[in-house]
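Close look at the chain arrangement
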Amino acid sequence: TYHMIATGESKGAFDLFYKVRDRYESYMDEEALMPWLFLRSVDEGGFKFKQNQAYNHNTGTVLADGKAFTVPRYIQDMLSAFYYSRTLDFSQAKLNDVFTVNCFVDNEIWDMKMKFLGREVLKSDVGRINCLKFCPVVQKGRVFKKEEDLTVWISDDANHIPIRAQGEILVGSVKMDLTSYTGLVAELNRCK
């Protein structure tokens, strides 16, 4: 399996009044690109919880926190969905096209939707990169004010690696940039 880990934590002065310590883990089948296990630990400003999800794609079920849920086969967890979406073919994408990936989030089936916002050259820490720009629809409430408060740029090549993500959150804004990479399947599509 692939073992993916995503963490989020507050920094600096912000950490003094709204401490964030989140960790997400997904174990995803290397060939079928579907999750087998998802672990989530959330600690955001005193709001804390943990989730464990075991996926059985043969029976179409997820065991989540002691309860069994019937789900479509090959459904994604909230972290594996982002990795899986990198495998989609965006070569014919048109402005405002919406791509959907079925996910299991908070014990419910949720369609992760990504609206295509076009192609853009992005100046980043790894150079000027030709990118595809998306607006993933996010869950509003705890972190984001609106469903469309996040923008993501991925390389416009066979890698589809995330170059930048930025968004407006309830208590400010967040920006994440790729600073290095290794082991790409193709050459990074740099702007000349």
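As a reminder, the structure under discussion sits directly above these lines.
Definitions and limits used
- Residues numbered from 1 in each chain as written.
- Predicted model: local features only at pLDDT ≥ 70, side-chain atom pairs only at ≥ 80, totals over all residues.
- Heavy atoms only, no water.
- Salt bridge = Lys/Arg side-chain N within 4 Å of Asp/Glu carboxyl O.
- Buried < 20%, exposed > 50% of the residue type's maximum accessible area, 1.4 Å probe, protein only.
- Helix = DSSP H or I, 4+ residues; strand = E, 2+ residues; numbered from the N terminus.
- Contact = heavy atoms within 4.5 Å.
- Core = buried A, V, L, I, M, F, W, Y, C linked by side-chain atoms within 4.5 Å.
- Polar contact = N/O pair within 3.5 Å; in protein donor to acceptor, adjacent residues only side chain to side chain.
- Phe/Tyr/Trp six-rings, centres within 6.5 Å; stacked < 30°, edge-to-face > 60°.
- Pairing = 2+ DSSP bridges.
- Axes fitted to C-alpha atoms, helices over the stretch in contact; angles between N-to-C directions.
- Disulfide = S-S within 2.5 Å.

On to the pattern of salt bridges, then. Using the criterion set out here, one finds eight salt bridges in the structure. One salt bridge connects lysine 19 with aspartate 15, and the closest N-O pair in it is separated by 3.5 Å. Judged by relative accessible area, which is 41%, lysine 19 ranks as partly exposed. On the basis of relative accessibility, which here comes to 14%, the residue aspartate 15 falls in the buried class. The partner of aspartate 156 in a salt bridge is arginine 119, and the shortest N-O contact between them spans 3.3 Å. Here arginine 119 lies in strand S8 (residues 108-124) and aspartate 156 lies in the loop between strand S10 (150-155) and strand S11 (162-169), a separation of 37 residues in the sequence. Overlapping salt bridges bring together Asp15, Lys19 and Arg21 as one network.

To continue, consider the environment of asparagine 52. Assignment of secondary structure puts asparagine 52 in strand S4 (residues 47-56). In sequence terms asparagine 52 and leucine 178 are 126 residues apart; their C-alpha atoms lie 28 Å from each other. Sequence-distant contacts of asparagine 52, that is, excluding residues within four places in its chain, are made with Phe38, Leu39, Leu63, Ala64 and Asp65.

Within the largest apolar cluster, 16 residues are counted, with the highest numbers of intra-cluster contacts made by Phe90, Phe99 and Phe134. Where this core is concerned, the elements lending two or more residues are strand S7 (98-105), S8, strand S9 (127-136) and S10. Setting aside residues no more than four positions away along its own chain, phenylalanine 99 makes contact with Leu88, Asp89, Phe90, Ala93, Met112, Lys113, Met114, Phe116 and Phe134. Counting 13 residues, the second-largest nonpolar core is a separate cluster that includes Met4, Phe38, Val42 and Phe104.

As for its position among the elements, aspartate 22 is in strand S2 (residues 21-28). At 3.1 Å, the side chain of aspartate 22 forms a polar contact with the backbone nitrogen of aspartate 43.

For the rest of this paragraph, the subject is the packing of aromatic side chains. Scanning all chains against the criterion turns up eight aromatic pairs. A connected cluster of aromatic rings, assembled from ring pairs, spans Phe90, Phe99, Phe116 and Phe134.

The six strands lie next to each other as S1-S2-S3-S4-S5-S6, forming an open sheet whose pairing is antiparallel. With one partner strand each, in any of the chains shown, strand S1 (2-9) and strand S6 (67-70) form the two edges of the open sheet. Sheet twist, expressed as the mean angle between neighbouring strand axes with direction ignored, is 15°. Strand direction decides the pairing type here: S1 and S2, joined by eight bridges, are antiparallel.

Attention now moves to the pairing of S2. Judged from the six bridges that link them, S2 and strand S3 (residues 35-44) form a sheet pairing that is antiparallel. Following the sheet pairing, methionine 28 is matched in S3 by proline 35. Between S2 and S3, which pair antiparallel in sequence order, lie six residues; one of them, leucine 33, sits at a positive phi of approximately 50°.

The next thing to look at is the state of the cysteines. Counting across every chain of the model gives zero disulfides. The thiol sulfur of cysteine 135 is not disulfide-bonded, and the nearest other cysteine sulfur, from cysteine 103, lies at 15 Å. Looking at cysteine 191, it has no disulfide partner, and the nearest cysteine sulfur is the one in cysteine 131, 10 Å off. Judged by its relative accessible area of 24%, cysteine 191 falls in the partly exposed class.

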